[in-house]
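Inside the fold
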Amino acid sequence: MAIEHSDHGEYKLSWKKYALSFVITLAIFGTAIYISNYFNDRRIEEMRSIQDSIATNIMSSETEVSLLSSIPCEEAGSSMLSSELNPLAEKIEYSEKNIGAGNSDVISLKKAYALLEIKDYLLMRDIAKRCGNKFGFALYFYGDAKSCPDCDKASYVLSYLRGKYPDLRVYSFDYNLDLGAVKTLESMLKIKNALPAIVLDREVLNGFQSKEALEKTLLAHYPKLAIVASTTAPTK
Amino acid sequence: MDKIVEITSFVAIFVGLYFEVFLLISLLEKKPALALNAAHNSSPKLPSVSVIVPCFNEETTVSKTITSLLALDYPVDCLNIIVVNDGSTDGTRATLTAFENNPRIQIFHKENGGKYTALNFGIEKATSEFVGCLDSDSFVDKAALRIIMAKFRDPKVMAVTPSMIIADPKGIVRKMQRAEYSYGNFLRKIYSRIEAVHITPGPFSFFRKEVFRKIGLYKHAHNTEDMEMAMRMQKHRMQIVSADGAFVYTVGPGTVKKLYKQRVRWVSGFISNLIDYRDMLFKKKYGDLGLIILPFSIIGILLSFAFVLMSLYQMTATIMNAVVKFSAVGFVAPSLRFDVFFTNTSTLSILSLTMIAMIIALVFYEDHKAGKSRKFSFDALYFVFLYSFISPFWLITSIYNNLASKTAPWR
């Protein structure tokens, strides 16, 4: 039914058309939400499968440790372990921003990721000690923008250092993540709620560290860290 | 703040989509009373028509305008052309002497008084039952008048508007106007069907002369007399329809600065006229025009305003972020690796894309209907993307003008 002139020279209105437009617009919104959710589910699935493969890798290493009571040094430091950890971290961070930090799937992924990080850290630290490898380890505790306004800057500095020193392994933990293992790690390392906090070889650095300061401390703890070949200018 | 931005964006997109869906339903719902061009060539007796050409400093284009009128496919004895020189200070007068001896053309020179005075002058001189006007920067297609006059065979039709096309669109500024005009033609076609045409454009709109007898002549109307006249007609429940296929070519502004000036005049006038005719808003009496079209145009202006604020906010956030990054680590080249994972598939971006796709499709549809090239052209993309960035500027200036009661010059 359309709008037409009535005999009185006024318009008859078609409320039906207004309602139909509303319903169709709602349907378009619904479809968009559905599509968006579909892609988000796919993302979660993808992250789960990456996580599974990392978990399998770590479990395999742990099993080797149990079997041989140590991993042969020649295997360590190769790509056997968790080169996928960092890309996964980026994906989880993206999901926190775009799917929602409160999303239960994202939170559970974050928890599983934190566990994998701890396991990877323990294993790698062990290997580095025994085999005299040149790895460096940084544990990074961050908070959200409100509780830690400097965390963005700290993250940039750490990604910069990680880019410069490929053998530097950065493990990031959400300070407020409600997970026993992370809480234990925090109390073990005596991390206070003064974020960002970066732990280098048990030394806890609270508050924002400039690129130069952090690099200096890092090299003091891990003097054998090598700079990435050719792409970055050598440091003084 | 992020939440406010998100909610505003959702509301804006909901409103925009609702409007487009409403237009599409209207397009599908009701066929026009007369099929496109049906009456072309088959009209038994054509009425006599006067075309007024108001001109003010148009020495470069007025000859072409008059020549295009003389070339119209319309009986010679039924068409009379009234050129009103509104006190031009350039060579317009001299240019017009070339047409002085043509019996179909009457030329008048008057003191400058503004476009509406030139139009009114012409209307008073006109003796025909039908009066139209043609801005002196526009040219008509040969068949346009016949197509327009066919619409008047319905005695209820009081005014007819043409399909406007940007003449010779070269350069990005004109190309995006070309797409914009196509979209505008689409809108006018729909408005015509739902009886909501609220602008009778200066280039080649036609009226029954009794319209002026009944509701009066053109008014100053904030330099947008073509909108005021249409609003006044709507208020008096006089029907205005659009004539698809009655093409009139107009020279759009060629630079952003000129376009900006033109749009400030249009939008300022539009807002002022809306304020003058505010009693038509939200009135059932005025049908879709009162309940949907006019309110949505206001909401559209407000949302564009919100869009500017949000863009500024987002831009500031991006810059701040870059500053933080720079202060932390200096300049680091961004990594170029691509991962589908990071493609933005948020509800908001899917909805925005849907809307953009709809607008581009409509421009396409309209071009296709108008017999334009079927090849893909970037004009619609220029229109959608560049307009979103430049139109807020003239919207803001116009809103400011209205608040400060400033009047934009019409030239």
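What you see is a predicted model, and the numbers here were worked out from it, not measured in a lab.

Each value, and the rule that gives it
- Residues numbered from 1 in each chain as written.
- Chains lettered and ligands numbered in written order.
- Predicted model: local features only at pLDDT ≥ 70, side-chain atom pairs only at ≥ 80, totals over all residues.
- Buried ≥ 20, exposed ≤ 12 C-beta atoms within 10 Å, placed from the backbone.
- Helix = DSSP H or I, 4+ residues; strand = E, 2+ residues; numbered from the N terminus.
- Pairing = 2+ DSSP bridges.
- Core = buried A, V, L, I, M, F, W, Y, C linked by C-beta atoms within 7 Å.
- Contact = placed C-beta atoms within 7 Å.
- Axes fitted to C-alpha atoms, helices over the stretch in contact; angles between N-to-C directions.
- pLDDT = per-residue confidence, 0-100.
- Expected span 1.5 Å × (residues − 1).
- Parallel < 35°, antiparallel > 145°, perpendicular 65-115°, else oblique.
- Left-handed = near helix turned anticlockwise from the far one by under 90°.
- Nonpolar A, V, L, I, M, F, W, Y, C, P; charged D, E, K, R; others polar.

What follows is about the pairing of strand 8 (residues 239-250) of chain B. All names here are of chain B. With ten of twelve residues buried, strand 8 is to be regarded as a mostly interior element. Alignment of strand 5 (residues 138-140) against strand 8, held across three bridges, turns out to be antiparallel. From the neighbouring strand, F139 faces strand 8, where its bridge partner is Y249.

Relative to the assigned elements, G114 of chain B resides in the loop between strand 3 (105-110) and helix 4 (115-125). In the structure, G114 of chain B is positioned 106 residues away from H220 of chain B in sequence and 7.9 Å away in space, judged by C-alpha atoms.

This next bit is on the environment of I399 of chain B. Here I399 of chain B shows up in helix 12 (residues 379-403). What makes I399 of chain B partly exposed here is the crowd of 17 C-beta atoms within 10 Å.

On to the pairing of strand 6 (residues 157-166) of chain B, then. Residue and element names in this part refer to chain B. Within strand 6, nine of the ten residues are buried, which leaves it mostly tucked inside the rest of the structure. Note that strand 6 and strand 8 share eight bridges and pair parallel. By the bridge assignment for strand 8, M164 is matched with V248. Relative to strand 7 (residues 206-208), strand 6 runs antiparallel, the two being bridged by two bridges. Bridge pairing links A159 to F207 in strand 7.

Looking now at the nonpolar core. With 101 residues, the main nonpolar core has V51, I52, V53, A144 and I148 of chain B as its most contacted residues. Beyond its immediate chain neighbours, meaning those up to four positions away, V51 of chain B contacts L69, L79, I81, I82, G132, C133 and L134 of chain B. With 45 residues, the next largest nonpolar core counts I92, I99, F137 and A197 of chain A among its residues.

Our focus in this paragraph is the sheet that holds strand 7 of chain B. All names here are of chain B. On the basis of which strands lie adjacent, the open sheet formed by eight strands has the order 3-2-1-4-7-6-8-5 and mixed pairing. Edge positions in the sheet fall to strand 3 and strand 5, since each of these pairs with one other strand and no more. Strand-to-strand twist across the sheet, computed as the mean angle between neighbouring axes with direction ignored, equals 30°. Examined bridge by bridge, strand 1 (residues 49-55) and strand 2 (residues 79-86) share seven bridges and lie parallel to one another. Bridged to C55 within strand 2 is N85. Packed onto the sheet, helix 5 (residues 144-151) meets strand 1, strand 5, strand 6, strand 7 and strand 8 and runs at close to 180° relative to strand 8. Together, strand 6 and strand 8 form the strand contacts of helix 6 (residues 171-193), whose direction differs from that of strand 6 by roughly 160°.

What follows deals with the sheet that holds strand 2 (residues 168-174) of chain A. Residue and element names in this part refer to chain A. Strand order across the open sheet formed by four strands is 2-1-3-4, with mixed pairing between neighbours. Each edge of the open sheet is held by one strand with a lone partner, namely strand 2 and strand 4 (203-206). When strand polarity is set aside, the average angle formed by the axes of neighbouring strands in this sheet is 20°. When strand 1 (residues 136-142) meets strand 2, the two strands line up parallel, connected through seven bridges. The partner of L139 across the bridge, within strand 2, is Y171. Here helix 3 (residues 104-131) sits on the sheet and contacts strand 1 and strand 2; the angle it forms with strand 2, its principal contact strand, is near 145°.

Now for the confidence of the model for chain A. Residue and element names in this part refer to chain A. Taken as a whole, chain A shows an average pLDDT of 82; of its residues, 85% reach a score of 70 or greater. No element of chain A has a lower mean pLDDT than helix 2 (residues 85-98), at 83, and none a higher one than strand 3 (residues 197-200), at 93. Segment residues 1-9: pLDDT under 50, and 17 contacts once partners within four positions in sequence are set aside and those in other chains are kept. When the criterion is pLDDT under 50, residues 230-236 qualifies, and its contacts beyond four places in sequence or with other chains add up to four contacts.

Helix length check: helix 11 (residues 347-369) of chain B (23 residues) gives 33 Å between terminal C-alpha atoms against 33 Å at 1.5 Å per residue, within 8%. Listing the buried residues of helix 11 of chain B in full gives T347, I350, L351, L362, V363, E366 and D367 of chain B. Those residues of helix 11 of chain B that are buried are in contact with helix 1 (15-68) of chain A together with helix 1 (2-29), helix 6 and helix 12 of chain B. Positive backbone phi, approximately 75°, marks G371 of chain B, located one or two places after helix 11 of chain B.

Once that is clear, we can look at the interface of chain A and chain B. Taken together, the 30 residues of chain A in the interface contact 29 residues of chain B. When residues of the side of chain A that touches chain B are traced back to their parent elements, those giving at least two are helix 1, helix 2 and helix 4 (151-164) of chain A. If you tally residues by element for the side of chain A that touches chain B, the top one is helix 1 of chain A, at 15 residues.

This part is about the environment of R146 of chain B. Turning to its location among the elements, R146 of chain B is positioned in helix 5. Measuring from C-alpha to C-alpha, the distance between R146 of chain B and I271 of chain B comes to 34 Å, with 125 residues separating the pair along the chain.

All names here are of chain B. Put simply, chain B has an average pLDDT of 87, and 93% of its residues get 70 or more. Within chain B, helix 12 has the poorest average pLDDT of any element, 84, and strand 7 the best, 97. Between residues 34-41, whose pLDDT stays under 50, and residues either more than four places distant or in other chains, the model counts 13 contacts. On the interface metric, ipTM, the complex scores 0.84, and its pTM is 0.82.

Apart from glycine, the bulk of residues carry a negative phi angle, and the bulk of peptide bonds sit in the trans form. In this structure, P196 of chain A follows L195 of chain A across a cis peptide bond, with omega equal to -5°. Inspection of the secondary structure puts P196 of chain A in the loop between helix 5 (180-188) and strand 3. Non-glycine residue R202 of chain A carries a positive phi angle of around 75°. Here R202 of chain A shows up in the loop between strand 3 and strand 4. Although it is not a glycine, A221 of chain B adopts a positive phi angle of roughly 50°. Of note, A221 of chain B is situated in the loop between helix 7 (209-215) and helix 8 (225-235).

A separate point is the packing of helix 4 of chain A against helix 6 (residues 211-221) of chain A. Residues and elements named next belong to chain A. Here helix 4 crosses helix 6 at 50°, and the two axes come no closer than 10 Å. Here helix 4 is positioned oblique relative to helix 6, judged by the angle of their axes. Seen along the crossing, helix 4 lies across helix 6 with a hand that is right-handed. Contacts between helix 4 and helix 6 pair V157, Y160 and L161 from the former with K211, L214, E215 and L218 from the latter. The class makeup of the residues in the contact of helix 4 with helix 6 is five nonpolar, no polar and two charged.

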